[in-house]
Structure formats: structure tokens, C-alpha cells
Amino acid sequence: MIKFAKFYITTPIFYVNAEPHIGHAYTAIATDILARWHRLKGEDVLFVTGTDEHGEKIEKAAEAASKTTKEFVDEVSATFKNAWKKLNISNDDFIRTTEERHKKIVKEIIEKVNGNGDIYKGFYEGYYCTGCESFKTETEIVDGKCPDHPNLKLKLLKEETYFFRLSKYQDQLLELYKKNPDFLSPKFRAPEIINRVKEGLKDLSITRQKLEWGIPFPLDESHVTYVWVEALINYISVLGGPNGKLFKKFWPADVHLVGKEINWFHSVIWPAQLMSAGLELPKTVFSHGWWTVEGQKMSKSLGNVIDPVKLAEKYSVDAVRYFLIRETPFGEDGEYSEKKFIERINGELVADLGNLVYRVLSLAEKFDGKIEGKPELESKLDVKKIDKLISEIKLTDALLEIWSFIRATNKYVNENEPWKLKGKELGNVIYNLLETTRVIAILISSYLPETAERISQQLGTKPGTLKDVKFGKFAGKVKKGKYLFTKIE
Ligand SMILES: [Zn+2]
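Predicted, not measured: the structure shown is a model, and the values here were computed from it.

Attention now moves to the pairing of strand E12 (residues 285–288). With burial as the criterion, each face of E12 is covered, one bearing Val285 and Ser287 and the other bearing Phe286 and His288. Across two bridges, the pairing between strand E7 (residues 184–185) and E12 is parallel. Across the sheet, Ser185 pairs through a bridge with Phe286, a residue of E12. One ladder, built from four bridges, connects strand E11 (residues 255–259) with E12; its direction is parallel. From the neighbouring strand, Gly259 faces E12, where its bridge partner is His288. Running through helix H10 (residues 263–277), the crossover from E11 to the neighbouring parallel element E12 is right-handed.

Next comes the structure, spelled out in C-alpha cells:
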């Protein structure tokens, strides 16, 4: 029996205080591309996403919407689930923190951490931001406000709370970052985390008293478990906990893909929790940047929140997927504008890919000779390089590499002028173009799954895996279809 490598990848679970915007879609799409690529390589992939449904902010949002909290989280969670379906996100599971399977494992993990002597009772006093669901340290507060939520008033809270001995893990965390340089990815985000950990870690308050909507703290039910502490455990509860079958097969996670605003929780608190519970650590936490819209931060009050589903309905799912990954080097901050979006569609999806496929299929359909010849385009493709870039989560660079192959193929058409050729010579050029198009469909399938499928259908070939990315005999039955993308005026 062949044993395939396993690959476990997650998005963060999304907070259901509001419906998904392109920032959420960006994380989901990038994670999906990685999952699909690893499947293409024949690996055993588990891709999980879900929703984070507890905390004061959600209680408030439900109240504002005149709904019970349960109704509210059910509705918003469903909008995420539906959005991912529309955007062709191929997740294997979708976990919600209000599910019993999650609560059960939260209890198990907290008991393990407690068994290790890492939980104690005390008092906490500090400024609490309900937007972040966390207390803010003095260095984080700017002009008496949380910089991420300047419209919300910070609350001075003093309450009995249980603490997690985060401070105990300072050295072990620094050791982890040193020994596993890929743990904090991309590299340019590592110094911020490392310096903050070096400054010293305070123990973390992990329970709240004045809160209804949450998981009762397993050690004292008059407290509710702090939302962040239990939410992170989803990555394990979805596997059935430390004794689950899936856990044995898939843990540790290969990649936790997150937005930079939650890097701290994933790169510091989560590994410390796991160390305390005696569990293996994830291999990589990759935190990507933020999207601004026409130069401004996306926000409800500015009314500039971009709905990824509406955008996909207006243009196409693959146009959205393409733009988000292509526009800005993956990891860095990006700027959305409709003008840029349309430029990418017209200049790249229509002019490079769409035209190529249409030209190739038109030539092949008209030709009645033998489609055979010598591979002349294979040398323009470096699939090992693409694979390496994707392994390093350089999703934009890998896409550019695929695109340079598409452009090289367009150049090949122009240079060979097949419209002037006949017979064997023409058969050879068509052979090369069909094999190239077939290979391109495989290569883009992680990024643009729907487009890849349409190309395969027109070529009359099976979709294929990474093993099929080599030139052989073209065996498809060609049937030209509609243009893959239409130009936007
Ligand atoms: Zn805040």
C-alpha cells in the first residue's frame, strides 16, 4: 500500500459578529489554493474552516439585530458556509464553536492544562476592549483608545478570574521560534512577535464572570471561558480531540493560515496552550496582510465593505479568486479597487488565458490531420519551481510563474503563425498547443478550479493530477466552448 504524505491546513474560525467580506474570503481562498495543490500532489489533505461564535461582541450584535444570540449565530454562520460554497472553497469540515463536539474537547484540554499546574485563580484589573474581546496593555492603548476600535470606549474592569501561566512559556516559545524558523511566517512578521515575547509575557486571564454567551469554565462554572482560549482549540476539537482518529492521522497542523491581526494569538498563546497540554505544535503559522478599499480601511461605517459573493456574482468566482491572489504579493497588505479588478480581468484572464484557449481550440477543431509531434514548449515550464513556491506559501509568485508559461505559449502561437501552416507542420504546432493547454488546466486548477474544469471539458480530457504535468500523446476529443472570460467595458 502506498502511504501518502498528510497535509492539515486551517483557516481561522471566523467571528460571526458580521457577514463575510473580502478579507475573510481572501483567507479562505488562499487556504483553498494550498489544500487543492496538495491534493493535486496526491497528498492526504484535511482542510478545515468554521466559525467562532462566543463572546460579548456577538451578544451585542445579536441584541442590535433584535434576535436571540442563538438565532443570530446560526444565521451568520450560515452566511459564511454559503459564501465558501459559492467561492468554491473545498473544505472538508466546518466547525462551529457552539457545537457539542467542540465544547467537549475544550473541557478536555483545559483539564490537561490545569493538571499541569498552569491555571490559578486571581484578580484582574485592566482596560478591556469589547471589539477585540481582550484587555489592552498600556503600550497598546493610543490616546485612551484601542487603535483598532477607536469608536468603542475601553472599560476598566476588575474581576475574579482564572489565569493561564503564559509567562512560564516565554523561554520555550523563544526556543521554538529559533529552532523552527518556518513557524513564524512570512519571515518579515517574525521580529514583531519575537521582540514582544522577549519583553516578557504576562499570565493570561482566561475566564470572564459577567458574560452569558460562552462555554462554562470547566473548573468553575460560575465563570465563562474566555473566547480566544476556547476558539483556538477548534483546530483540535475538529479532529475529535487528542484521542480522535483524525488527530492521530493529521495532527500537528501543517499550516494555520491567519490574518495578521490574530497572529499573536496563534503564534504565542496557542503554542503555549499546546505545550502546557503536552501536545505537538503546528509547523507553520502564516499571517497575511489586510485589504484596504480604494485607499481606505474597510468598515461598516464607511459603507465600503466588499461582499465577495456579490462580486463573484457580478464578474465570476474565478475572477475574484484570481484578483485577490494576483494583485498583491501574498502575505503583504493589498488594496482593492474596482478599476484594478477590471484591469486584471481584461489584461490577464481575457487577454492571456481566455484568448489562448479560444485560439488553440479553434485551430484544433478546424484541423483534420494527425495531431502529433515533438514537445517544443515543455522546456518553458518549471513545475518544480512552482511547487517549491507554493510549498513556501508564495502564492502570488507561483501564480506569476504559471502565467509566464501561459504567455510563452501565446508567444509560441504568434511566432509559429499556424494560420500559415498545413499538414504535418500544423499538426505539430497544434499538438504542442493542446498538450500545453491541458497542462495549464492542471496548473491553474488550484487557483481557478471552475476555469480549469471548463478547459478540460473543451479539450475532452480528464482533469489530471500533478503527475500528468508532462507532455505525452494528446488523447482528448476537442469541442470548443464559449469564451472563458468576457471583456468588461
Ligand atoms: Zn479593540
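That covers the picture; the talk isn't over yet.
A word on the packing of helix H5 (residues 170–179) against H10. Running from N to C, H5 and H10 cross one another at 110°; their axes reach a closest spacing of 10 Å. As summarised for this structure, H5 and H10 are arranged roughly perpendicular, according to the angle between their axes. Mapping the contact onto sequence places Gln172, Leu173, Leu176 and Tyr177 in H5 and Ser267, Val268, Pro271, Ala272 and Met275 in H10. Per-class residue counts for the contact of H5 with H10 are seven nonpolar, two polar and no charged.

Examined against the element boundaries, Gln273 turns out to sit in helix H10. Linking Gln273 and Asn180, residues 93 residues apart in sequence, is a C-alpha distance of 18 Å. Contacts of Gln273, omitting those with residues within four sequence positions, involve Val113, Phe164, Val229, Leu232 and Ile233. Reaching out from Gln273, the side chain makes a polar contact with the backbone oxygen of Val229 at a distance of 3.1 Å.

A word on the packing of aromatic side chains. Applying the stated criterion to the full structure yields 24 aromatic pairs. Between Tyr120 and Phe163, the aromatic rings sit 5.4 Å apart at their centres with planes inclined by 20°, giving stacked as the arrangement. Pair noted here: Tyr120 is in strand E4 (residues 119–129) and Phe163 is in strand E6 (residues 155–164), with a separation of 43 residues, a long-range link. The class for Phe163 is buried, based on a relative accessible area of 7%. On the basis of an interplanar angle of 45° and a centroid distance of 4.9 Å, the ring pair of Tyr322 and Trp403 is categorised as tilted. Within this pair, whereas Tyr322 is found in helix H12 (residues 317–327), its partner Trp403 is found in helix H15 (residues 395–416), the two being separated by 81 residues in sequence. For the pair shown, Tyr322 and Trp403 are each scored as buried. Each residue in the set Tyr26, Phe286, Trp291, Tyr315, Phe323, Phe330, Tyr336 and Phe341 is aromatic and connected to the rest through ring pairs, giving one cluster. Just above the ring of Phe123 sits the side chain of Lys158; from NZ or CZ to the centre is 5.7 Å. Here Lys260 stacks its cationic end above the ring of Trp290, 5.2 Å away from the centre of that ring.

Strand order in the open sheet made by the three strands is E14-E13-E15, with mixed pairing throughout. The strands lining the two open edges of the sheet, one partner per strand, are strand E14 (296–297) and strand E15 (334–336). Examined bridge by bridge, strand E13 (residues 291–293) and E14 share two bridges and lie antiparallel to one another. Directly across from Thr292, in E14, lies its bridge partner Lys297.

What follows concerns the domain arrangement of the chain. For the chain, the domain assignment lists domain 1 (6–297) and domain 2 (338–468). Spacing between the C-alpha centres of domain 1 and domain 2 amounts to 40 Å. Taken together, the contact pairs 14 residues of domain 1 with 17 residues of domain 2. Both faces combined, the contact of domain 1 with domain 2 buries some 1400 Å², and carbon together with sulfur accounts for 71% of it.

Under the defined criterion, the tally for this structure stands at 40 salt bridges. Its salt-bridge partner being Asp74, residue Arg96 comes within 2.7 Å of it at the nearest N-O pair. One end of the pair, Arg96, is in strand E3 (residues 93–96); the other, Asp74, is in helix H3 (residues 69–86), with 22 residues separating them in the sequence. Overall, Arg96 belongs to the buried group, its relative accessible area being 19%. With relative accessibility at 27%, the residue Asp74 sits in the partly exposed group. With its nearest N and O atoms 3.6 Å apart, the salt bridge here joins Lys340 to Glu327. Separated by 13 residues along the polypeptide, Lys340 in helix H13 (residues 338–366) and Glu327 in helix H12 bring together distant segments of the chain.

About the thresholds
Residues numbered from 1 in each chain as written. Predicted model: local features only at pLDDT ≥ 70, side-chain atom pairs only at ≥ 80, totals over all residues. Heavy atoms only, no water. Buried < 20%, exposed > 50% of the residue type's maximum accessible area, 1.4 Å probe, protein only. Helix = DSSP H or I, 4+ residues; strand = E, 2+ residues; numbered from the N terminus. Pairing = 2+ DSSP bridges. Right-handed = clockwise from strand over helix to strand, strands pointing away. Axes fitted to C-alpha atoms, helices over the stretch in contact; angles between N-to-C directions. Parallel < 35°, antiparallel > 145°, perpendicular 65-115°, else oblique. Contact = heavy atoms within 4.5 Å. Nonpolar A, V, L, I, M, F, W, Y, C, P; charged D, E, K, R; others polar. Polar contact = N/O pair within 3.5 Å; in protein donor to acceptor, adjacent residues only side chain to side chain. Phe/Tyr/Trp six-rings, centres within 6.5 Å; stacked < 30°, edge-to-face > 60°. Lys NZ or Arg CZ within 6 Å of the ring centre and 35° of its normal. Domains from an automatic or database assignment. Buried area = accessible area lost by both parts, 1.4 Å probe. Salt bridge = Lys/Arg side-chain N within 4 Å of Asp/Glu carboxyl O.

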